[in-house]
Structures are given as C-alpha cells and as structure tokens.
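What the coordinates show
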Amino acid sequence: MKYLFANWKMYLDYDESNILANALANEHKKIPESVKVAVFPSALSLYPVAQVLNDVGIGVGAQNIFWADKGGYTGEVSAEMFKNVGCKYTLIGHSERRHQFHETNHEVRQKLEAALTVGLIPVLCVGETLKEREENKTEEVIEVQLRAAFENLSWPVGRELIVAYEPVWAISKGMGASDVGLPCDEIEAERIHILIAKMVKGILPEVDPVVLFGGSVRKETVAGYLSQPHIHGVLVGAASTRLDSWLEIMASAIN
Ligand code: PGA
C-alpha cells in the first residue's frame, strides 16, 4: 500500500479547494486499490470537499484539531466536529503548528488522544529543524516527539498509526517554484524512516507504523522516495495544490 497525502495548508481558499476537489474526483479512476489518496483542506472548505471526495474513495482530513470535545474555546474546532463533517484523518503536530503556534509535545499528545477517541486516524508529524540537525540532535528530537505522543497509550486495535517524517529544513517556504526547501536525500530519509519505525515499535510493539516522508516532494523526486522500502508514502504540500503537479506526482507514484 502506498500513501499519497496532500496538505493544502492555507494555500487554497473555499472556491479553489472546491474546484480542485471536483477535478480530483473526476480523476479518481486512475487511482489503483494499492494507493491511498487523502487531502487535507482548510477547515472552512472541509465539508464540501468531503462531500465530493468521500464518494469516490479519496480520504479527507483536518490539518489540526483541538483536544477538547466541546466548550468555551473560541476559534477552535474539535476532533468530533471534524469527524462529523466527513473527516477520516487528521494531521497532528505539523511543524508549522509546533514552530509558528508554539504547539508543545504535551498539546500534541492531547490532540492525538482526542483523535483516537472519536475514531480519526492521526497522522503525527515529526522532524528536526536545521539547527537541531547541525547540532546532531536529529535522532534525539524525533525520539522525544515520538515518546511524548505514544508512550503509555493504548492504541485502538486495527487503527492505523501514521507518522510523517518532515524535516523542517526540507519543507517548501511557499507555493512558488523557487520556494523549495533544502533537499533531503532519499537515502537519508530512508535511514530516518527505519529509525522511526524502530522507535515506534519500541514504544507500541503491537502496532506496525506507516511512515510517510514530507518536505518539498515534487514529481521529479517522488518516485525516488517511494522506491525506498521503509518510505510508505508522501505528505505533499505546495506541489499538491495544483491539479497538474498533483496528477504528475500521482502518476509517478503509481508507475
Ligand atoms: P511541502 O510541504 O511539500 O510544501 O514542503 C509538506 C508539508 O509541510 O506537509
């Protein structure tokens, strides 16, 4: 099984999201059963996008959830609310949330538990900054993120456990061609994926984790990442927000 997940971030507005979702729905027959495709639109666009894509077997997920189920939390949206409008997945702990919104490992854990409680499949994002990599702290940072998320958790039987390894330095800085992040060599990505799988197994021995790679994945690089045995799929931001580039990524991933 290969996973092709599209993180639309705050790149697409309501109309743009709906146009892209409808265009993707028209292409769904090209997706073989061995490939899982999911998109993560903005909270605002999620409901109409889910209406279109759930019918054609393309998953839909939230980019972020709040940990409480209901209450006086102005501006927040709960896991349950996302589930109710057709979400199957949720990203948790994306580096843009960790670094721009100061989301802590503790909050990430609360969100993960909320996702599990309502039946969403969490996609936990982990990864080191450039500074942490230069200081040789990559493994340590990832281990702390994984332990905070998964230690002493009883994982629901049969629920997928998905981790996205997204080195912060590799993530695109915007939607433009020149906004690409620093390149992460596929061999290095594979090394970290093996490490993540081992760490997760050490914490939750009964679960087989799915590990995705994210960070400036483009049509030119996707096949290289997917050729690595421990890279089960990709989480794509900028290059997933235009129909042509996303279809090219899907085509190279499928062939
Ligand atoms: P990118 O984003 O493909 O634009 O680098 C990936 C992500 O942050 O999920």
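Report on the accompanying structure. (Residues numbered from 1 in each chain as written. Predicted model: local features only at pLDDT ≥ 70, side-chain atom pairs only at ≥ 80, totals over all residues. Heavy atoms only, no water.)

**Observations concerning the overall build of the protein**
A tally of helices and strands in the protein yields 10 helices and 8 strands. What you see for the protein is a C-alpha radius of gyration of 17 Å, in line with the 18 Å of a compact globule of 255 residues. With the C-alpha coordinates aligned to their principal axes, the bounding extent of the protein is approximately 45 × 45 × 35 Å. Every one of the 255 residues in the protein was classed for burial, and the buried ones make up 54%. Residue pairs in contact within the protein that sit at least 24 positions apart in sequence constitute 72% of those at least 6 positions apart. (Helix = DSSP H or I, 4+ residues; strand = E, 2+ residues; numbered from the N terminus. Rg over C-alpha atoms; globule rule 2.2 N^0.38 Å. Buried < 20%, exposed > 50% of the residue type's maximum accessible area, 1.4 Å probe, protein only. Contact = heavy atoms within 4.5 Å.)

**Here we look at unusual backbone geometry**
Unusually for a residue other than glycine, K9 sits at a positive phi of about 45°. As for its position among the elements, K9 is in the loop between β1 (2-7) and α1 (14-26). Judged by relative accessible area, K9 falls into the buried class, the value being 11%. We note that N136 has phi near 60°; this positive angle belongs to a residue other than glycine. Here N136 is to be found in the loop between α6 (130-134) and α7 (138-150).

**Topic: the sheet that holds β1**
Spatially, 8 strands are ordered β1-β2-β3-β4-β5-β6-β7-β8 in a closed barrel, and the strand pairing comes out parallel. Taken over all neighbouring pairs, the strand axes of this sheet differ in orientation by 25° on average, direction set aside. Direction of pairing for strand β3 (residues 59-62) relative to strand β4 (residues 89-92): parallel, over a ladder of 2 bridges. By the bridge assignment for β4, A62 is matched with T90. (Pairing = 2+ DSSP bridges. Axes fitted to C-alpha atoms, helices over the stretch in contact; angles between N-to-C directions.)

**Focus: the site of the ligand**
N7, K9, H94, E166, I171, S172, G215, S216, L235, V236, G237 and A238 make up every residue found near the ligand. Take K9: an N or O atom from its side chain is 2.8 Å from an oxygen atom of the ligand. Note that an oxygen atom of the ligand is positioned 2.8 Å from one of the backbone N or O atoms of A238. Compared with its free state, where it exposes 280 Å², the ligand has 100% of that area covered by protein. Its residues placed into classes, the shell around the ligand shows 4 nonpolar, 6 polar and 2 charged. (Near = heavy atom within 4 Å. Polar contact = N/O pair within 3.5 Å; in protein donor to acceptor, adjacent residues only side chain to side chain. Areas by Shrake-Rupley, 256 points an atom, 1.4 Å probe, with all protein chains shown as cover. Nonpolar A, V, L, I, M, F, W, Y, C, P; charged D, E, K, R; others polar.)

**Concerning the nonpolar core**
The biggest cluster of nonpolar side chains holds 67 residues, and the ones touching the most others in it are L146, F150 and I196. When neighbours within four sequence positions are excluded, L146 is seen to be in contact with L124, V126, E151, V163, I196, M199, V200 and I203. Of all hydrophobic cores here, the second largest spans 14 residues; its members include Y3, A38, F40 and Y89. (Core = buried A, V, L, I, M, F, W, Y, C linked by side-chain atoms within 4.5 Å.)

**Examining the packing of aromatic side chains**
Aromatic rings considered in pairs are described by the distance between their centres and by the relative angle of their planes. By the definition in use, this model includes 10 aromatic pairs. An aromatic cluster is built from Y3, F5, F40 and Y89, whose rings are joined through pairwise contacts. Over the ring of F101 we find R97; its NZ or CZ atom is 4.4 Å from the centre of that ring. (Phe/Tyr/Trp six-rings, centres within 6.5 Å; stacked < 30°, edge-to-face > 60°. Lys NZ or Arg CZ within 6 Å of the ring centre and 35° of its normal.)

**Some details on helix α10 (residues 243-254)**
If you check α10, its first and last C-alpha atoms are 16 Å apart, about what 12 residues at 1.5 Å a residue would give, namely 16 Å. Residues of α10 that are buried sit in contact with β1, α1, β2 (35-40), α9 (222-226) and β8 (233-236). (Expected span 1.5 Å × (residues − 1).)

**Some words on α7**
For α7, which comprises 13 residues, the first-to-last C-alpha distance of 18 Å matches the rise-based estimate of 18 Å (1.5 Å per residue) to within 8%. Listing the buried residues of α7 in full gives T138, V141, I142, Q145, L146, A149 and F150. Looking down the long axis of α7, one finds its buried residues gathered within 140° of arc, a one-sided arrangement. Of the surrounding elements, those touching the buried residues of α7 are α4 (95-100), α5 (105-118), β5 (121-126), α6, β6 (162-165) and α8 (186-203). Directly after α7, the chain includes N152, whose backbone phi takes a positive value near 60°. (Arc of directions from axis to C-beta.)

**With respect to the environment of Y47**
The topology assignment puts Y47 in helix α2 (residues 46-53). Classification of Y47 by relative accessible area gives partly exposed; the value is 46%.

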